[in-house]
Amino acid sequence: MRAVILAIGSELVGPDRLDTNSLALTAELRALGVDLAWKACLPDDESAIAEALRRALADAELVLVCGGLGPTADDVTREGVAAALGRTLERDPAIEAALAERFARFGYRMPEINRKQAMVIEGAVVLPNRRGTAPGLRVDLGERTVFLFPGVPAELEGLVAANLLPWLRERTGGDEAIETRGLRVACVPESEVETRIEPAYREFDREDITVLASPADVRVRVCARGDAATRRARLEAMLERLGQLLGQAVYTFEDAETLEEVVGGLLKRQARSVATSESCTGGLVAERLTRVPGSSEYFRGGLVVYANAAKVSLAGVSPATLAERGAVSLEVAGELAEGALARFESDFGLGITGIAGPAGETPGKPVGTVCFALAARSGATERIQLRLPGDRARVREGSSQVALDMLRRSLLGFPLHWNSSK
Ligand code: AMP
Ligand code: MG
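Residues numbered from 1 in each chain as written. Chains lettered and ligands numbered in written order. Predicted model: local features only at pLDDT ≥ 70, side-chain atom pairs only at ≥ 80, totals over all residues. Heavy atoms only, no water.

Participant: I would appreciate a short explanation of the overall build of the protein in the present structure.
Facilitator: Counting its regular elements, the protein contains 13 helices and 17 strands. Relative to its length of 422 residues, the protein is extended, with a C-alpha radius of gyration of 29 Å against a globular reference of 22 Å. Considering only C-alpha atoms, the protein reaches an extent of 90 × 50 × 40 Å along its principal axes. Expressed as a percentage of the 422 residues in the protein, the buried residues total 50%. Considering only contacts within the protein whose residues lie at least 6 apart along the sequence, 66% involve residues at least 24 apart. About 19,300 Å² of surface is accessible on the protein, with carbon and sulfur atoms providing 51% of the total. Looking at the protein, you have 51 positive and 59 negative side-chain charges, and the mean spots of the two groups are 4 Å apart. (Helix = DSSP H or I, 4+ residues; strand = E, 2+ residues; numbered from the N terminus. Rg over C-alpha atoms; globule rule 2.2 N^0.38 Å. Buried < 20%, exposed > 50% of the residue type's maximum accessible area, 1.4 Å probe, protein only. Contact = heavy atoms within 4.5 Å. Areas by Shrake-Rupley, 256 points an atom, 1.4 Å probe, with all protein chains shown as cover. Lys, Arg positive; Asp, Glu negative; His and termini not counted. Charge placed at Lys NZ, Arg CZ, Asp CG, Glu CD.)

Printed below as a string of C-alpha coordinates:
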(Lines give C-alpha, C1' and ligand atoms only; values in the text may rest on other atoms or scores of the structure.)
(Ligands and ions follow the chains in the order given, each with its own letter.)
Protein backbone atom coordinates (compact mmCIF):
# COMPACT_ATOMS: atom_id res chain seq x y z
CA MET A 1 0.00 0.00 0.00
CA ARG A 2 1.18 3.49 -0.81
CA ALA A 3 0.19 6.65 1.01
CA VAL A 4 0.28 10.40 0.54
CA ILE A 5 0.11 12.93 3.39
CA LEU A 6 -1.34 16.40 2.89
CA ALA A 7 -0.68 18.76 5.80
CA ILE A 8 -3.03 21.71 5.54
CA GLY A 9 -2.40 25.09 7.16
CA SER A 10 -1.18 28.42 5.88
CA GLU A 11 1.15 28.60 8.90
CA LEU A 12 2.90 25.46 7.60
CA VAL A 13 3.99 27.20 4.41
CA GLY A 14 5.19 30.22 6.41
CA PRO A 15 8.61 30.67 8.01
CA ASP A 16 7.94 29.68 11.61
CA ARG A 17 5.82 26.53 11.88
CA LEU A 18 6.98 23.01 11.16
CA ASP A 19 4.75 20.21 9.97
CA THR A 20 5.45 17.60 12.64
CA ASN A 21 2.20 15.69 12.08
CA SER A 22 3.54 14.12 8.91
CA LEU A 23 6.56 12.80 10.80
CA ALA A 24 4.32 11.15 13.39
CA LEU A 25 2.11 9.75 10.64
CA THR A 26 5.08 8.45 8.65
CA ALA A 27 6.43 6.59 11.68
CA GLU A 28 3.06 4.85 12.08
CA LEU A 29 2.85 4.03 8.37
CA ARG A 30 6.34 2.53 8.35
CA ALA A 31 5.59 0.38 11.37
CA LEU A 32 2.84 -1.19 9.28
CA GLY A 33 4.82 -1.45 6.06
CA VAL A 34 3.07 1.35 4.20
CA ASP A 35 5.26 3.33 1.81
CA LEU A 36 4.93 7.10 1.70
CA ALA A 37 4.84 8.14 -1.97
CA TRP A 38 5.12 11.86 -1.14
CA LYS A 39 3.85 14.52 1.21
CA ALA A 40 3.04 18.18 0.91
CA CYS A 41 2.22 21.22 3.01
CA LEU A 42 -0.58 23.36 1.60
CA PRO A 43 -2.10 26.68 2.60
CA ASP A 44 -5.72 26.90 3.75
CA ASP A 45 -6.91 27.33 0.18
CA GLU A 46 -9.86 25.31 -1.08
CA SER A 47 -8.75 24.95 -4.69
CA ALA A 48 -5.14 24.13 -3.74
CA ILE A 49 -6.44 21.40 -1.40
CA ALA A 50 -8.77 20.01 -4.08
CA GLU A 51 -6.02 19.92 -6.68
CA ALA A 52 -3.51 18.26 -4.35
CA LEU A 53 -6.06 15.63 -3.33
CA ARG A 54 -6.76 14.73 -6.95
CA ARG A 55 -3.04 14.28 -7.55
CA ALA A 56 -2.66 12.27 -4.33
CA LEU A 57 -5.49 9.92 -5.33
CA ALA A 58 -3.78 9.31 -8.65
CA ASP A 59 -0.59 8.22 -6.86
CA ALA A 60 -1.70 6.34 -3.74
CA GLU A 61 -4.42 4.15 -2.29
CA LEU A 62 -4.35 5.95 1.06
CA VAL A 63 -4.44 9.72 1.49
CA LEU A 64 -4.04 11.23 4.96
CA VAL A 65 -5.15 14.84 5.21
CA CYS A 66 -4.51 16.75 8.44
CA GLY A 67 -5.36 20.27 9.55
CA GLY A 68 -7.96 22.82 8.57
CA LEU A 69 -10.92 21.19 10.33
CA GLY A 70 -11.30 24.02 12.86
CA PRO A 71 -14.29 26.31 13.28
CA THR A 72 -12.72 29.47 11.85
CA ALA A 73 -13.26 30.86 8.36
CA ASP A 74 -9.74 29.96 7.26
CA ASP A 75 -10.34 26.24 7.81
CA VAL A 76 -11.55 24.91 4.44
CA THR A 77 -10.20 21.37 4.27
CA ARG A 78 -13.67 19.77 4.27
CA GLU A 79 -14.71 22.04 1.41
CA GLY A 80 -11.58 21.35 -0.62
CA VAL A 81 -11.84 17.58 -0.20
CA ALA A 82 -15.58 17.59 -1.01
CA ALA A 83 -14.90 19.64 -4.14
CA ALA A 84 -12.20 17.22 -5.35
CA LEU A 85 -14.52 14.25 -4.81
CA GLY A 86 -17.58 15.96 -6.31
CA ARG A 87 -19.50 15.48 -3.07
CA THR A 88 -21.64 17.81 -0.97
CA LEU A 89 -21.27 18.75 2.68
CA GLU A 90 -24.12 17.76 4.95
CA ARG A 91 -24.95 18.87 8.46
CA ASP A 92 -24.76 15.96 10.91
CA PRO A 93 -27.20 16.52 13.82
CA ALA A 94 -25.44 13.93 15.99
CA ILE A 95 -22.12 15.77 15.73
CA GLU A 96 -23.85 19.07 16.39
CA ALA A 97 -25.47 17.65 19.53
CA ALA A 98 -22.14 16.18 20.69
CA LEU A 99 -20.42 19.53 20.13
CA ALA A 100 -23.08 21.41 22.10
CA GLU A 101 -22.80 18.84 24.86
CA ARG A 102 -19.01 19.17 24.94
CA PHE A 103 -19.26 22.95 25.36
CA ALA A 104 -21.96 22.55 28.02
CA ARG A 105 -19.70 20.19 29.95
CA PHE A 106 -17.14 22.97 30.24
CA GLY A 107 -19.86 25.50 31.13
CA TYR A 108 -20.00 27.29 27.77
CA ARG A 109 -22.65 27.82 25.13
CA MET A 110 -21.48 26.57 21.77
CA PRO A 111 -20.38 29.50 19.58
CA GLU A 112 -22.24 29.68 16.28
CA ILE A 113 -19.03 29.18 14.28
CA ASN A 114 -18.52 25.69 15.71
CA ARG A 115 -21.57 24.46 13.80
CA LYS A 116 -19.25 24.28 10.83
CA GLN A 117 -17.48 21.36 12.48
CA ALA A 118 -20.69 19.35 12.24
CA MET A 119 -20.46 19.42 8.43
CA VAL A 120 -19.69 16.00 7.01
CA ILE A 121 -18.61 15.06 3.50
CA GLU A 122 -21.43 13.12 1.85
CA GLY A 123 -20.98 9.40 2.52
CA ALA A 124 -18.06 9.84 4.97
CA VAL A 125 -17.63 7.85 8.16
CA VAL A 126 -17.38 10.11 11.22
CA LEU A 127 -14.44 9.40 13.56
CA PRO A 128 -15.20 10.72 17.06
CA ASN A 129 -12.56 12.98 18.60
CA ARG A 130 -12.39 12.68 22.39
CA ARG A 131 -9.64 15.29 22.69
CA GLY A 132 -11.21 18.17 20.79
CA THR A 133 -14.15 19.52 18.87
CA ALA A 134 -13.37 18.53 15.28
CA PRO A 135 -14.19 14.90 14.45
CA GLY A 136 -12.10 13.10 11.88
CA LEU A 137 -13.61 11.71 8.69
CA ARG A 138 -12.97 8.69 6.54
CA VAL A 139 -14.13 8.62 2.94
CA ASP A 140 -14.14 5.23 1.23
CA LEU A 141 -13.72 5.40 -2.53
CA GLY A 142 -13.58 1.74 -3.53
CA GLU A 143 -9.87 0.99 -3.97
CA ARG A 144 -8.89 4.26 -2.33
CA THR A 145 -9.45 5.84 1.06
CA VAL A 146 -9.10 9.38 2.37
CA PHE A 147 -8.74 10.13 6.08
CA LEU A 148 -9.23 13.67 7.43
CA PHE A 149 -7.69 14.47 10.81
CA PRO A 150 -7.57 17.65 12.90
CA GLY A 151 -4.21 19.43 12.96
CA VAL A 152 -3.69 19.67 16.72
CA PRO A 153 -1.01 17.00 17.29
CA ALA A 154 -2.62 15.44 20.40
CA GLU A 155 -6.01 15.19 18.67
CA LEU A 156 -4.44 13.70 15.56
CA GLU A 157 -2.57 11.16 17.66
CA GLY A 158 -5.78 10.07 19.42
CA LEU A 159 -7.67 9.67 16.16
CA VAL A 160 -4.81 7.81 14.49
CA ALA A 161 -4.53 5.33 17.36
CA ALA A 162 -8.29 4.73 17.55
CA ASN A 163 -9.09 4.68 13.83
CA LEU A 164 -6.23 4.64 11.34
CA LEU A 165 -4.07 1.98 12.98
CA PRO A 166 -6.83 -0.65 13.45
CA TRP A 167 -8.04 0.06 9.90
CA LEU A 168 -4.50 -0.40 8.53
CA ARG A 169 -3.75 -3.53 10.57
CA GLU A 170 -6.85 -5.15 9.16
CA ARG A 171 -5.54 -4.53 5.66
CA THR A 172 -1.82 -5.19 6.05
CA GLY A 173 -2.01 -8.18 8.39
CA GLY A 174 0.23 -6.37 10.86
CA ASP A 175 3.47 -8.33 10.31
CA GLU A 176 4.87 -6.20 7.49
CA ALA A 177 6.89 -3.10 8.30
CA ILE A 178 9.47 -0.74 6.92
CA GLU A 179 12.42 -0.81 9.29
CA THR A 180 15.47 1.40 9.49
CA ARG A 181 18.83 0.75 11.06
CA GLY A 182 22.12 2.51 10.70
CA LEU A 183 25.81 2.70 11.33
CA ARG A 184 27.91 5.72 12.21
CA VAL A 185 31.28 6.87 11.04
CA ALA A 186 33.51 9.46 12.70
CA CYS A 187 35.89 11.89 11.05
CA VAL A 188 35.47 10.79 7.44
CA PRO A 189 34.02 13.40 5.06
CA GLU A 190 30.59 12.65 3.62
CA SER A 191 31.94 12.51 0.08
CA GLU A 192 34.53 9.92 1.04
CA VAL A 193 31.89 7.82 2.79
CA GLU A 194 29.80 8.07 -0.37
CA THR A 195 32.69 6.98 -2.56
CA ARG A 196 33.55 4.02 -0.36
CA ILE A 197 30.01 2.66 -0.15
CA GLU A 198 29.37 3.03 -3.88
CA PRO A 199 29.48 -0.79 -4.50
CA ALA A 200 26.68 -1.31 -1.96
CA TYR A 201 24.42 0.97 -3.98
CA ARG A 202 24.73 -1.43 -6.87
CA GLU A 203 24.44 -4.62 -4.81
CA PHE A 204 21.34 -3.41 -2.95
CA ASP A 205 18.72 -0.79 -3.82
CA ARG A 206 20.09 2.72 -3.96
CA GLU A 207 17.01 4.19 -2.32
CA ASP A 208 17.36 1.84 0.66
CA ILE A 209 20.69 3.40 1.66
CA THR A 210 20.80 7.00 2.90
CA VAL A 211 23.81 9.06 3.93
CA LEU A 212 23.16 11.74 6.58
CA ALA A 213 26.04 14.03 7.50
CA SER A 214 26.63 16.29 10.48
CA PRO A 215 29.97 17.81 11.61
CA ALA A 216 32.60 15.04 11.71
CA ASP A 217 29.86 12.43 12.00
CA VAL A 218 28.18 10.59 9.17
CA ARG A 219 25.27 8.20 9.52
CA VAL A 220 24.54 5.62 6.90
CA ARG A 221 20.98 4.41 7.27
CA VAL A 222 19.56 1.32 5.68
CA CYS A 223 15.97 0.45 5.18
CA ALA A 224 14.16 -2.84 4.51
CA ARG A 225 10.57 -3.94 4.20
CA GLY A 226 8.64 -7.16 4.59
CA ASP A 227 8.05 -9.50 7.52
CA ALA A 228 10.37 -9.51 10.55
CA ALA A 229 12.66 -12.32 9.34
CA THR A 230 13.00 -10.91 5.81
CA ARG A 231 13.75 -7.43 7.16
CA ARG A 232 16.31 -8.62 9.66
CA ALA A 233 18.17 -10.68 7.05
CA ARG A 234 18.28 -7.80 4.60
CA LEU A 235 19.26 -5.18 7.18
CA GLU A 236 22.04 -7.42 8.50
CA ALA A 237 23.33 -8.07 4.99
CA MET A 238 23.38 -4.37 4.14
CA LEU A 239 25.06 -3.37 7.41
CA GLU A 240 27.65 -6.11 7.06
CA ARG A 241 28.55 -5.04 3.54
CA LEU A 242 28.70 -1.36 4.50
CA GLY A 243 30.86 -2.32 7.47
CA GLN A 244 33.31 -4.05 5.11
CA LEU A 245 33.44 -1.03 2.85
CA LEU A 246 33.88 1.53 5.63
CA GLY A 247 36.14 -0.57 7.84
CA GLN A 248 37.57 0.82 11.05
CA ALA A 249 35.92 4.20 10.58
CA VAL A 250 32.62 2.66 11.71
CA TYR A 251 32.27 3.30 15.42
CA THR A 252 28.86 1.75 15.91
CA PHE A 253 26.20 -0.30 14.15
CA GLU A 254 23.53 1.23 16.39
CA ASP A 255 21.97 4.31 14.84
CA ALA A 256 21.30 5.96 18.20
CA GLU A 257 24.66 5.23 19.85
CA THR A 258 27.03 8.18 20.25
CA LEU A 259 30.80 8.19 19.99
CA GLU A 260 31.15 9.06 23.70
CA GLU A 261 29.03 6.04 24.57
CA VAL A 262 31.18 3.80 22.41
CA VAL A 263 34.41 5.16 23.90
CA GLY A 264 32.95 4.91 27.41
CA GLY A 265 31.97 1.29 26.81
CA LEU A 266 35.47 0.43 25.60
CA LEU A 267 37.17 2.14 28.56
CA LYS A 268 34.86 0.36 30.97
CA ARG A 269 35.38 -3.07 29.44
CA GLN A 270 39.15 -2.58 29.40
CA ALA A 271 39.10 -1.07 32.92
CA ARG A 272 41.07 1.94 31.76
CA SER A 273 40.68 5.63 32.49
CA VAL A 274 41.10 8.93 30.67
CA ALA A 275 41.69 12.58 31.56
CA THR A 276 41.66 15.67 29.36
CA SER A 277 43.46 18.98 28.88
CA GLU A 278 41.52 21.19 26.52
CA SER A 279 42.19 24.59 25.11
CA CYS A 280 40.07 25.48 22.06
CA THR A 281 37.29 23.01 22.91
CA GLY A 282 36.81 24.59 26.35
CA GLY A 283 35.92 21.32 28.06
CA LEU A 284 33.67 19.93 25.34
CA VAL A 285 35.42 16.54 25.30
CA ALA A 286 35.05 16.24 29.07
CA GLU A 287 31.43 17.33 28.77
CA ARG A 288 30.71 14.71 26.13
CA LEU A 289 32.46 11.93 28.04
CA THR A 290 30.45 12.77 31.16
CA ARG A 291 27.13 12.81 29.29
CA VAL A 292 27.23 9.04 29.61
CA PRO A 293 25.79 7.66 32.86
CA GLY A 294 28.46 5.79 34.81
CA SER A 295 31.32 7.76 33.26
CA SER A 296 32.83 8.31 36.73
CA GLU A 297 34.16 4.76 36.36
CA TYR A 298 36.59 5.83 33.64
CA PHE A 299 36.71 9.61 33.40
CA ARG A 300 39.18 11.00 35.94
CA GLY A 301 38.86 14.73 35.26
CA GLY A 302 39.64 17.49 32.83
CA LEU A 303 41.50 20.76 32.64
CA VAL A 304 40.36 23.75 30.60
CA VAL A 305 43.54 25.67 30.01
CA TYR A 306 42.93 28.67 27.81
CA ALA A 307 45.69 31.07 28.88
CA ASN A 308 49.30 30.11 28.30
CA ALA A 309 49.98 30.61 32.02
CA ALA A 310 47.27 28.06 32.82
CA LYS A 311 48.73 25.60 30.31
CA VAL A 312 52.02 25.89 32.21
CA SER A 313 50.82 25.94 35.80
CA LEU A 314 47.91 23.51 35.55
CA ALA A 315 48.81 21.15 32.71
CA GLY A 316 52.58 21.27 33.06
CA VAL A 317 53.33 22.54 29.54
CA SER A 318 56.87 23.90 29.36
CA PRO A 319 57.21 27.67 28.81
CA ALA A 320 60.01 26.94 26.35
CA THR A 321 57.75 24.77 24.17
CA LEU A 322 55.11 27.49 24.16
CA ALA A 323 57.68 30.13 23.21
CA GLU A 324 59.36 28.07 20.49
CA ARG A 325 56.35 26.25 18.94
CA GLY A 326 53.40 28.47 19.81
CA ALA A 327 50.29 27.50 21.76
CA VAL A 328 48.77 25.78 18.73
CA SER A 329 51.37 23.13 17.97
CA LEU A 330 51.80 19.38 18.06
CA GLU A 331 54.37 19.79 20.81
CA VAL A 332 52.00 21.72 23.10
CA ALA A 333 49.17 19.26 22.35
CA GLY A 334 51.50 16.44 23.34
CA GLU A 335 52.48 18.12 26.60
CA LEU A 336 48.82 18.88 27.37
CA ALA A 337 47.97 15.20 26.93
CA GLU A 338 50.92 14.04 29.03
CA GLY A 339 50.09 16.65 31.67
CA ALA A 340 46.49 15.42 31.97
CA LEU A 341 47.67 11.83 32.25
CA ALA A 342 50.24 12.67 34.94
CA ARG A 343 48.05 14.96 37.03
CA PHE A 344 44.98 12.73 37.02
CA GLU A 345 47.01 9.48 37.09
CA SER A 346 44.89 8.08 34.28
CA ASP A 347 45.71 5.49 31.63
CA PHE A 348 45.13 7.97 28.80
CA GLY A 349 45.45 11.72 28.45
CA LEU A 350 43.88 13.76 25.66
CA GLY A 351 45.26 17.17 24.72
CA ILE A 352 43.66 19.65 22.31
CA THR A 353 44.82 23.07 21.19
CA GLY A 354 43.68 24.96 18.12
CA ILE A 355 42.23 28.02 16.46
CA ALA A 356 38.41 27.83 16.47
CA GLY A 357 38.12 31.31 14.93
CA PRO A 358 36.86 33.58 13.62
CA ALA A 359 39.93 35.50 14.84
CA GLY A 360 43.31 34.23 16.01
CA GLU A 361 44.80 33.20 12.68
CA THR A 362 48.60 33.32 12.48
CA PRO A 363 50.88 32.76 9.46
CA GLY A 364 50.81 29.06 8.60
CA LYS A 365 48.04 28.40 11.11
CA PRO A 366 44.69 29.31 9.56
CA VAL A 367 41.37 29.18 11.41
CA GLY A 368 40.41 25.54 11.90
CA THR A 369 43.97 24.40 12.62
CA VAL A 370 43.73 22.04 15.58
CA CYS A 371 46.42 19.88 17.18
CA PHE A 372 45.47 16.72 19.03
CA ALA A 373 47.47 14.37 21.18
CA LEU A 374 46.74 11.12 22.94
CA ALA A 375 49.17 10.11 25.67
CA ALA A 376 49.08 6.57 27.01
CA ARG A 377 50.53 5.28 30.24
CA SER A 378 52.10 2.51 28.21
CA GLY A 379 53.42 3.59 24.83
CA ALA A 380 54.22 6.72 22.86
CA THR A 381 52.11 9.86 22.60
CA GLU A 382 50.25 10.06 19.29
CA ARG A 383 49.87 13.50 17.76
CA ILE A 384 48.04 14.86 14.77
CA GLN A 385 47.41 18.27 13.28
CA LEU A 386 44.26 18.82 11.20
CA ARG A 387 42.54 21.67 9.44
CA LEU A 388 38.84 21.42 10.29
CA PRO A 389 36.16 23.12 8.20
CA GLY A 390 33.38 25.42 9.35
CA ASP A 391 32.71 28.15 11.86
CA ARG A 392 33.72 28.26 15.52
CA ALA A 393 30.97 25.91 16.71
CA ARG A 394 31.70 23.41 13.98
CA VAL A 395 35.45 23.44 14.55
CA ARG A 396 34.92 22.83 18.26
CA GLU A 397 32.35 20.08 17.69
CA GLY A 398 34.56 18.46 15.05
CA SER A 399 37.58 18.67 17.35
CA SER A 400 35.81 16.86 20.16
CA GLN A 401 34.87 14.17 17.65
CA VAL A 402 38.45 13.74 16.43
CA ALA A 403 39.77 13.50 20.00
CA LEU A 404 37.21 10.88 21.00
CA ASP A 405 37.85 8.93 17.82
CA MET A 406 41.61 8.92 18.48
CA LEU A 407 40.88 7.34 21.83
CA ARG A 408 38.47 4.82 20.27
CA ARG A 409 41.04 3.77 17.68
CA SER A 410 43.73 3.43 20.27
CA LEU A 411 41.51 1.32 22.54
CA LEU A 412 40.76 -0.99 19.63
CA GLY A 413 44.39 -1.17 18.54
CA PHE A 414 43.59 0.50 15.20
CA PRO A 415 46.11 2.83 13.58
CA LEU A 416 45.12 6.48 13.20
CA HIS A 417 43.90 6.89 9.66
CA TRP A 418 44.89 10.56 9.39
CA ASN A 419 48.16 11.58 7.79
CA SER A 420 49.74 12.02 11.15
CA SER A 421 52.95 13.94 11.55
CA LYS A 422 54.44 12.76 14.81
P1 AMP B 1 -6.11 23.12 12.55
O2 AMP B 1 -6.64 21.75 12.70
O3 AMP B 1 -5.71 23.46 11.17
O4 AMP B 1 -7.05 24.16 13.13
O5 AMP B 1 -4.77 23.19 13.39
C6 AMP B 1 -4.75 23.52 14.75
C7 AMP B 1 -3.32 23.71 15.24
O8 AMP B 1 -2.62 22.48 15.13
C9 AMP B 1 -2.50 24.70 14.44
O10 AMP B 1 -2.62 25.99 14.91
C11 AMP B 1 -1.10 24.20 14.62
O12 AMP B 1 -0.53 24.74 15.79
C13 AMP B 1 -1.28 22.72 14.78
N14 AMP B 1 -1.00 22.02 13.53
C15 AMP B 1 -1.74 22.00 12.41
N16 AMP B 1 -1.17 21.25 11.45
C17 AMP B 1 -0.02 20.81 11.96
C18 AMP B 1 1.04 19.98 11.45
N19 AMP B 1 1.01 19.44 10.22
N20 AMP B 1 2.09 19.73 12.26
C21 AMP B 1 2.13 20.24 13.52
N22 AMP B 1 1.17 21.01 14.05
C23 AMP B 1 0.09 21.30 13.30
MG1 MG C 1 -5.31 25.45 10.58
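This is not the end of the story, as more comes after the structure.
Participant: Would you mind showing me how to read the sheet that holds strand E13 (residues 274-278) here?
Facilitator: Strands pair in a sheet through their backbones, by hydrogen bonds, and they do so in one of two ways: parallel or antiparallel. Spatial strand order, E14-E13-E15-E16-E17: 5 strands in an open sheet with mixed pairing. In this open sheet, the two edge strands, each paired with only one partner strand, are strand E14 (299-304) and strand E17 (382-387). Averaged over neighbouring strand pairs, the angle between their axes works out to 15° when direction is ignored. Both strand E16 (residues 369-376) and E17 contribute to a ladder of 6 bridges, which runs antiparallel. Looking across to E17, one finds that Cys-371 is bridged to Gln-385. Its contacts with the sheet place helix H12 (residues 330-344) against E13, E14, strand E15 (348-354), E16 and E17, and it is angled at close to 145° to E15. (Pairing = 2+ DSSP bridges. Axes fitted to C-alpha atoms, helices over the stretch in contact; angles between N-to-C directions.)

Participant: Explain the packing of aromatic side chains to me, please; I cannot follow it from the model alone.
Facilitator: Two numbers describe a pair of aromatic rings. These are the distance of the centres and the angle of the planes. Counted by the stated rule, this structure contains 2 aromatic pairs. Both rings, one in Phe-147 and one in Phe-149, keep their centres 5.6 Å apart while their planes meet at 15°; by these two values the pair is stacked. With centroids separated by 5.2 Å and ring planes inclined at 80°, the aromatic side chains of Phe-147 and Trp-167 adopt a geometry described as edge-to-face. Note that Phe-147 is positioned in strand E8 (residues 144-149) and Trp-167 in helix H5 (residues 153-172), a separation of 20 residues in sequence. Residue classification places Phe-147 among the buried residues on the basis of a relative accessible area of 0%. Owing to a relative accessible area of 10%, Trp-167 belongs among the buried residues under this scheme. A connected cluster of aromatic rings, assembled from ring pairs, spans Phe-147, Phe-149 and Trp-167. The ring of Tyr-201 carries the charged tip of Arg-206 above its face, separated from the ring centre by 4.1 Å. (Phe/Tyr/Trp six-rings, centres within 6.5 Å; stacked < 30°, edge-to-face > 60°. Lys NZ or Arg CZ within 6 Å of the ring centre and 35° of its normal.)

Participant: Is there a simple way to explain unusual backbone geometry in this structure?
Facilitator: Excluding glycine, a negative phi dihedral is what most residues carry, and trans is how most peptide bonds are arranged. Gly-357 connects to Pro-358 through a cis peptide bond whose omega is 0°. Looking at the element boundaries, Pro-358 is found in the loop between E15 and E16. Look at Cys-187: it is not a glycine, yet its phi comes out positive at around 65°. Relative to the elements of secondary structure, Cys-187 occurs in the loop between strand E9 (177-186) and helix H6 (190-203). With relative accessibility at 12%, the residue Cys-187 sits in the buried group. Even without glycine at this site, Ala-271 takes up a positive phi of about 50°.

Participant: Sorry, what's going on with the packing of helix H1 (residues 21-31) against H5 here?
Facilitator: To characterise two packed helices, one gives the angle between the axes of the helices and the distance between these axes. At a minimum axis separation of 11 Å, H1 and H5 run at an interaxial angle of 20°. Taken together, the axes of H1 and H5 are roughly parallel relative to one another. The crossing of H1 and H5 is right-handed. Of the residues in H5, those touching H1 at Asn-21, Leu-25, Glu-28 and Leu-29 are Pro-153, Leu-156, Val-160, Leu-164, Leu-165 and Leu-168. Here the contact of H1 with H5 is composed, by residue class, of 8 nonpolar, 1 polar and 1 charged. (Parallel < 35°, antiparallel > 145°, perpendicular 65-115°, else oblique. Left-handed = near helix turned anticlockwise from the far one by under 90°. Nonpolar A, V, L, I, M, F, W, Y, C, P; charged D, E, K, R; others polar.)

Participant: Any chance you could explain the site of ligand 1 here in plain terms?
Facilitator: Inspection of the region around ligand 1 gives 15 residues, with Arg-17, Asp-19, Thr-20, Gly-68 and Gly-151 positioned closest. Separating a nitrogen atom of ligand 1 from a side-chain N or O atom of Asp-19 is a distance of 2.8 Å. Residue Val-152 places a main-chain N or O atom 3.3 Å away from an oxygen atom belonging to ligand 1. Coverage of ligand 1 by the protein amounts to 77% of the 480 Å² it exposes when considered alone. The residue makeup of the shell around ligand 1, split by class, is 6 nonpolar, 5 polar and 4 charged. (Near = heavy atom within 4 Å. Polar contact = N/O pair within 3.5 Å; in protein donor to acceptor, adjacent residues only side chain to side chain.)

Participant: Which parts of the structure should I look at to understand the nonpolar core?
Facilitator: Nonpolar side chains tend to gather and get buried jointly when the protein is soluble and globular. Ranked by size, the top nonpolar core spans 35 residues in total, and within it Val-263, Leu-267, Val-274, Phe-348, Phe-372 and Leu-407 carry the most contacts. Going through the elements one at a time, helix H8 (259-270), helix H9 (284-289), E15, E16, E17 and helix H13 (392-412) are the ones with two or more residues in this core. Here this core gets 7 residues from one element, more than from any other, and that element is H13. Excluding its chain neighbours within four sequence positions, the residues that come into contact with Val-274 are Leu-267, Leu-289, Tyr-298, Phe-299, Arg-300, Gly-301, Ser-346, Phe-348, Leu-350 and Leu-407. Listed in part, the 33 residues of the second largest apolar core include Ala-40, Leu-69, Leu-85 and Leu-148. (Core = buried A, V, L, I, M, F, W, Y, C linked by side-chain atoms within 4.5 Å.)

Participant: Even after reading the chapter, I still don't get helix H7 (residues 228-246), so can you show me in this structure?
Facilitator: Note on helix geometry: an α-helix contains 3.6 residues per turn, so any two residues three or four positions apart are oriented the same way. When the terminal C-alpha atoms of H7 are compared, their 26 Å separation across 19 residues agrees well with the 27 Å that a helix rising 1.5 Å per residue should span. Here H7 has its buried residues at Arg-231, Leu-235, Met-238, Leu-239, Leu-242, Gly-243, Leu-245 and Leu-246. Seen along its axis, H7 keeps its buried residues to an arc of 160°; they face one direction. Turned more than 90 degrees away from the buried face of H7 sit Ala-229, Glu-240 and Gln-244, all of them exposed. Where H7 is buried, its residues meet E9, H6, strand E10 (209-214), strand E11 (217-226) and strand E12 (250-252). Within two residues after H7, Gly-247 carries a phi angle of roughly 60°, on the positive side. (Expected span 1.5 Å × (residues − 1). Arc of directions from axis to C-beta.)

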